[in-house]
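So the chains spell out like this:
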Amino acid sequence: HQESRDRWQGLAQRHLYGEKPWEQVASSNRSALLDRQDVLAFIFLTYSALFHEDIWADFFAAAPDELFSIWIHSLDGRPPERNFLQRSANVLSRITASSWCGIGNLMIDLMAEALQDPRTAAVAWLAQDTVPLR
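What you see is a predicted model, and the numbers here were worked out from it, not measured in a lab.

Chemist: Looking at this model, I keep getting lost on the pairing of strand S1 (residues 39-46). Mind explaining?
Modeler: Consecutive side chains along a regular strand alternate between the two faces of the sheet. With 6 of 8 residues buried, S1 is to be regarded as a mostly interior element. Note that S1 and strand S4 (residues 120-127) share 7 bridges and pair parallel. The residue bridging phenylalanine 42 from the neighbouring strand is alanine 124, located in S4. Judged from the 7 bridges that link them, S1 and strand S2 (residues 68-74) form a sheet pairing that is parallel. The residue of S2 that forms the bridge with leucine 40 is phenylalanine 68.

Quick look at the structure:
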């Protein structure tokens, strides 16, 4: 567990602050940080297919593509059914062992995957049966 936590913290620091986290927002980095287009990563934790997939497809279709990324961890590896999510979602399966009330390492590894996109500024964790509210 400590190894995964250390790996995630290192990824997060390099992602947000570059290779030297103690410099954080130095004047040379400030304009680059302000000019980038931040993305909200939606990470779904599912056992199988995403419930209410049609509602989510409509929700994401109404927003500019450059403002979000979609990650679906499907325990059984089932891909999305809606064309929009098939094209747009990063679907992962069993990247880390997990169990009932034992998903901490899985969440750390999924966060590491989302942070591979340098535009990722925040993550929203979502369950299989979640629906968006307006």
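Chemist: Hey, could you run me through the sheet that holds S1 in this one?
Modeler: Strands pair in a sheet through their backbones, by hydrogen bonds, and they do so in one of two ways: parallel or antiparallel. Read across the open sheet, the 4 strands follow the order S3-S2-S1-S4; overall the sheet is parallel. Both outer strands of the open sheet, strand S3 (89-92) and S4, are each paired with one neighbouring strand and no more. Here the average twist between neighbouring strands, direction ignored, is 20°. In this structure, S2 lies alongside S3, joined through 4 bridges in parallel fashion. Counterpart to tryptophan 71 in the pairing with S3 is asparagine 90.

Rules used throughout
Residues numbered from 1 in each chain as written. Predicted model: local features only at pLDDT ≥ 70, side-chain atom pairs only at ≥ 80, totals over all residues. Heavy atoms only, no water. Buried < 20%, exposed > 50% of the residue type's maximum accessible area, 1.4 Å probe, protein only. Helix = DSSP H or I, 4+ residues; strand = E, 2+ residues; numbered from the N terminus. Pairing = 2+ DSSP bridges. Axes fitted to C-alpha atoms, helices over the stretch in contact; angles between N-to-C directions.

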